[in-house]
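Listed here are the chains, written in short residue letters.
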Amino acid sequence: MPSVAPGNWVGKCTFGVMENALKVRDIAACLEAWAPRHLAESYDNVGLLVGEPSQVVKGVMVSLDCTEEVVREAIASECNMIVSHHPLIFKGIKRLNGSTDAERAIMLAIQQGMALYAIHTNLDNVLTGVNHQLAHVLGCAPHTHEILRPMAGGLEKWTVFVPTDHAESVRHAMADAGAGHIGKYDHCSFAASGTGSFRALEGATPFVGALGEIHRESEIRLEMVVRSEVTGAVYTALQDAHPYEEVALDRVSLENGRKDLGAGMVGELPAPMAWQDFVDRAKQVLGCTHVKITAPTQPNVQRVACCGGSGAFLIEDAKRAGADVYVTSDIKYHEYFQAEGQILLLDVGHYESEWQTSGLIASKLKEKFPNFAVRLSTTRTNPVSFR
Ligand SMILES: [Zn+2]
């Protein structure tokens, strides 16, 4: 992932020449193709919070938090859209009279025609999101990254019956549309042969067999998993490739956890590391002056679990995953006791665990719109400091 220094333009602004007048909805579509809104937790508030989807965007400012100071920085930088990880409007607002920072930020944004967009727990829950970035900077090798608590749901098993001669082309068409994707493998399928039967009724135009007669056909029972986001494409591909007028298809929802979606991350350092050195590395790469830790359980660590933001809810998952250390923030006093001498808990601070998310978001926008103006906020929004 390319690194982007705060305050720098990511891609030069050729607005009006390139990108054909990008609108708020284009930026949102790019972000939601990466981290769909339906993946956000139920308590969250993500997506476009202020502004019109059809508004033309002059420049985007990316920040961890959206505060009044960040809105002022965006105005001064001639950006009219802010993409933040934490949503400015979270629990609901009953009045807007400027008595809080959030109210002043919203009022100022509306006055200035500034669009505000949040990409929060939906970005926590994708494999290439917040926790991928955190695991990466902590030194975990990329190919070892796995979701710590896979998300249940969003997965179907499709069973389709295909005449034997067409089984391979149907399987290919479905796989090319995204069916049969399991973890680091695609084109996963299972096939068993058998005999299908049917009788074509009045008005039918059967591919094989005659009207009014029971026909038996050598068929393949083809099974593939299909992720919820590709069901439409796979259905179209299946209908186009299958020769039958009426395709026999069973769709069943699965309870399996998805390996590409969910909370937290676990990965492996390339080699074991003294726990003190790992703590020092975490402090250095995350910019911490202090961290909170539990008692070390062994001299070295190698398997590292992490969760950006408040991640105490995953302590047991980190232990189950065999992690030597769990890096997160906002662990409460009694929650530290869950270490039970089995894992080293490392609380690095909420801001420290997530500030690099803005660079990740900016890089994603830069990748999609290389000639568009994306700027990282220089405002340090962390409300906490150490003395
Ligand atoms: Zn957070």
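For clarity, every value in this text was computed on a predicted model and none was experimentally measured.

### Considerations on the overall build of the chain
Part 1 of the reasoning: Across its full length, the chain carries twelve helices and 16 strands.
Part 2 of the reasoning: Each principal axis of the C-alpha distribution contributes one length, and for the chain these read about 85 × 55 × 40 Å.
Part 3 of the reasoning: Sorting the 387 residues of the chain into buried and exposed places 39% on the buried side.

### Here we look at the packing of helix α6 (residues 167–176) against helix α7 (residues 231–241)
Part 1 of the reasoning: Viewed as axis vectors pointing N to C, α6 and α7 meet at an angle of 160 degrees, and their least axial separation amounts to 8 Å. Regarding the angle of α6 to α7, the classification is roughly antiparallel. Here α6 runs over α7; the crossing is right-handed. For the pair α6 and α7, the contacting residues are Ser169, Val170, Ala173, Met174 and Asp176 in the first and Val234, Ala237, Leu238, Asp240 and Ala241 in the second.
Part 2 of the reasoning: In terms of residue class, the contact of α6 with α7 is made up of seven nonpolar, one polar and two charged.

### A few points about the domain arrangement of the chain
Part 1 of the reasoning: One can read the domain layout of the chain as domain 1 (9–34 + 47–118 + 355–376), domain 2 (130–150 + 261–348) and domain 3 (154–254).
Part 2 of the reasoning: Just the C-alpha atoms count here: the centres of domain 2 and domain 3 sit 44 Å apart.

### Quick look at the sheet that holds strand β14 (residues 325–329)
Part 1 of the reasoning: If you walk across this open sheet you meet the six strands as β6-β11-β13-β14-β15-β12, and the pairing is mixed. Two strands in the sheet have a free side with no partner beyond their single neighbour: β6 (146–152) and β12 (292–293).
Part 2 of the reasoning: Of the strand pairs in this sheet, β12 and strand β15 (residues 344–347) are connected by two bridges, and their pairing is antiparallel. Pairing of Lys292 across the sheet is with Asp347, part of β15.
Part 3 of the reasoning: The strands touched by helix α8 (residues 275–286) within the sheet are β11 (257–274), β12, β13 (300–310), β14 and β15, with β11 carrying the most contacts at an inclination of about 120 degrees.

### Quick notes on the confidence of the model for the chain
Part 1 of the reasoning: In the predicted model, the chain carries a mean pLDDT of 93, and the fraction of residues at 70 or more is 95%.
Part 2 of the reasoning: The model gives residues 11–18 a pLDDT under 50, and that stretch makes 13 contacts with residues more than four places away or in other chains.

### Structural notes on unusual backbone geometry
The bulk of non-glycine residues show a negative phi, and the bulk of peptide bonds are trans.
Part 1 of the reasoning: A positive phi angle is found at Glu78, which is not glycine, with a value near 60 degrees.
Part 2 of the reasoning: In this structure Glu78 comes out as partly exposed when scored by C-beta crowding, with 13 C-beta atoms within 10 Å.
Part 3 of the reasoning: Positive phi, normally seen in glycine, also occurs at His187, with a value near 60 degrees.
Part 4 of the reasoning: Summarising the element assignment, His187 is placed in the loop between α6 and β8 (190–199).
Part 5 of the reasoning: Under the C-beta neighbour-count criterion, His187 is labelled partly exposed, with 14 such atoms within 10 Å.

### Side note on the nonpolar core
Part 1 of the reasoning: In terms of nonpolar packing, the biggest core is built from 79 residues, with Val60, Met81, Ile82 and Val304 touching the most fellow members.
Part 2 of the reasoning: Here this core takes six residues from β11, the largest share from any one element.
Part 3 of the reasoning: Two domains share this core, each providing at least three of its residues, namely domain 1 (9–34 + 47–118 + 355–376) and domain 2 (130–150 + 261–348).
Part 4 of the reasoning: One finds Met174, Ala179, Met224 and Val226 within the second-largest nonpolar core, a separate group that totals 16 residues.

Calculation notes
- Residues numbered from 1 in each chain as written.
- Predicted model: local features only at pLDDT ≥ 70, side-chain atom pairs only at ≥ 80, totals over all residues.
- Helix = DSSP H or I, 4+ residues; strand = E, 2+ residues; numbered from the N terminus.
- Buried ≥ 20, exposed ≤ 12 C-beta atoms within 10 Å, placed from the backbone.
- Axes fitted to C-alpha atoms, helices over the stretch in contact; angles between N-to-C directions.
- Parallel < 35°, antiparallel > 145°, perpendicular 65-115°, else oblique.
- Left-handed = near helix turned anticlockwise from the far one by under 90°.
- Contact = placed C-beta atoms within 7 Å.
- Nonpolar A, V, L, I, M, F, W, Y, C, P; charged D, E, K, R; others polar.
- Domains from an automatic or database assignment.
- Pairing = 2+ DSSP bridges.
- pLDDT = per-residue confidence, 0-100.
- Core = buried A, V, L, I, M, F, W, Y, C linked by C-beta atoms within 7 Å.

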